[in-house]
Amino acid sequence: MGEDRSFYVYEHWRPDTGVCFYVGKGKGKRAWTLKGRRNRYHASVVSKLTANGLCVDVRIIRSDILESEAFDLERERISFYGRGTRSEEH
């Protein structure tokens, strides 16, 4: 049986500021599920965008990768953007 290459790394961007505010790894519909299982910071940004009639810009950075590769890339992207970008770490 082959390795599970169903993971991806995604970023959530603010359309009002053009800033990436979240980096995560997932599979399936995780990147587009905006409620629950993240942190307060993420919920606050999503709530503010929604209240202003805006949607989170979801960007898939790399797909069809192993979970270990996804974790590594997630850490790399968070390091690139700095501490203001939060990770889901699951």
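Cut-offs and rules
- The numbers attached to residues start from 1 for each chain and follow its sequence in the written order.
- Owing to the predicted nature of the model, reporting of local features is limited to residues with pLDDT of at least 70; listing and counting of side-chain atom pairs is limited to 80 or more, with chain, interface and lining totals taken over all residues.
- The side-chain numbers reported here are obtained from all heavy atoms of the structure, hydrogens and water having been left aside.
- Only Phe, Tyr and Trp rings take part, Trp by its six-membered ring, and two of them pair if their centres are within 6.5 Å. Stacked means planes under 30 degrees apart, edge-to-face means over 60, and tilted covers everything else.
- Exposure classes here rest on a 1.4 Å probe applied to the protein chains alone. A residue is buried below 20% of its type maximum, exposed above 50%, and partly exposed in between.
- Salt bridges are identified by distance alone: a Lys or Arg side-chain nitrogen within 4 Å of an Asp or Glu carboxyl oxygen.
- The numbering of helices and of strands both runs from the N terminus, where a helix is a DSSP run of H or I of at least 4 residues and a strand a run of E of at least 2.
- Here, expected helix span is obtained from the residue count minus one, scaled by 1.5 Å.
- A contact between two residues is defined here by any heavy atoms of the two lying within 4.5 Å.

Engineer: Whenever I open this one, the packing of aromatic side chains confuses me. Can you help?
Structural biologist: Note on aromatic pairs: each is described by the distance of the centres and the angle between the planes. In the structure shown here, the tally under the stated rule is five aromatic pairs. When the centroid spacing of 5.1 Å and the interplanar angle of 75 degrees are considered together, the rings of phenylalanine 80 and tyrosine 81 count as edge-to-face. Taking the relative accessible area as the measure of exposure, phenylalanine 80 reaches 61% and is therefore exposed. Among the aromatic residues, ring-to-ring pairing joins Tyr8, Tyr10, Tyr22 and Trp32 into one connected group.

Engineer: Whenever I open this one, the pattern of salt bridges confuses me. Can you help?
Structural biologist: Think of it this way: side chains of opposite charge can pair up when their charged atoms draw near. In total, this model carries seven salt bridges according to the counting rule given. A salt bridge links lysine 27 to aspartate 4; the shortest N-O distance between them is 3.2 Å. Of this pair, lysine 27 sits in the loop between strand 2 (19–26) and helix 1 (40–51) while aspartate 4 is found in the segment before strand 1 (7–14), placing the two residues 23 residues apart along the sequence. On the basis of relative accessible area, lysine 27 is assigned to the partly exposed category, the value being 40%. We note a salt bridge from glutamate 11 to arginine 77, for which the minimum N-O separation is 2.9 Å. With a gap of 66 residues between them, glutamate 11 in strand 1 and arginine 77 in helix 2 (residues 67–81) connect regions that are remote in the sequence.

Engineer: Looking at this model, I keep getting lost on the side chain of histidine 42. Mind explaining?
Structural biologist: Its place among the elements puts histidine 42 in helix 1. Given the relative accessible area of 1%, histidine 42 is considered buried.

Engineer: In this structure, what is going on with helix 2? I would like to understand it.
Structural biologist: Along an α-helix, a turn takes 3.6 residues, which lines up residues three or four apart on a common side. With 15 residues, helix 2 ought to run about 21 Å at 1.5 Å a step, and its terminal C-alpha atoms sit 21 Å apart, in line with that. Following helix 2 by one or two positions, glycine 82 adopts a phi angle in the positive range, close to 100 degrees.

Engineer: Where do I start with the environment of alanine 31 in this structure?
Structural biologist: With respect to the helices, strands and loops of the structure, alanine 31 is situated in the loop between strand 2 and helix 1. A residue is classified by how much of its surface remains accessible, and alanine 31, at 0% relative accessible area, is buried. Sequence-distant contacts of alanine 31, that is, excluding residues within four places in its chain, are made with Tyr8, Tyr10, His12, Arg38, Val58 and Ile60.

Engineer: Can you help me understand unusual backbone geometry in this one?
Structural biologist: Among all residues save glycine, negative phi is the norm, and among peptide bonds the norm is trans. With a phi angle near 60 degrees, aspartate 64 is a residue other than glycine that sits in the positive phi range. Topologically, aspartate 64 is positioned in strand 3 (residues 57–65).

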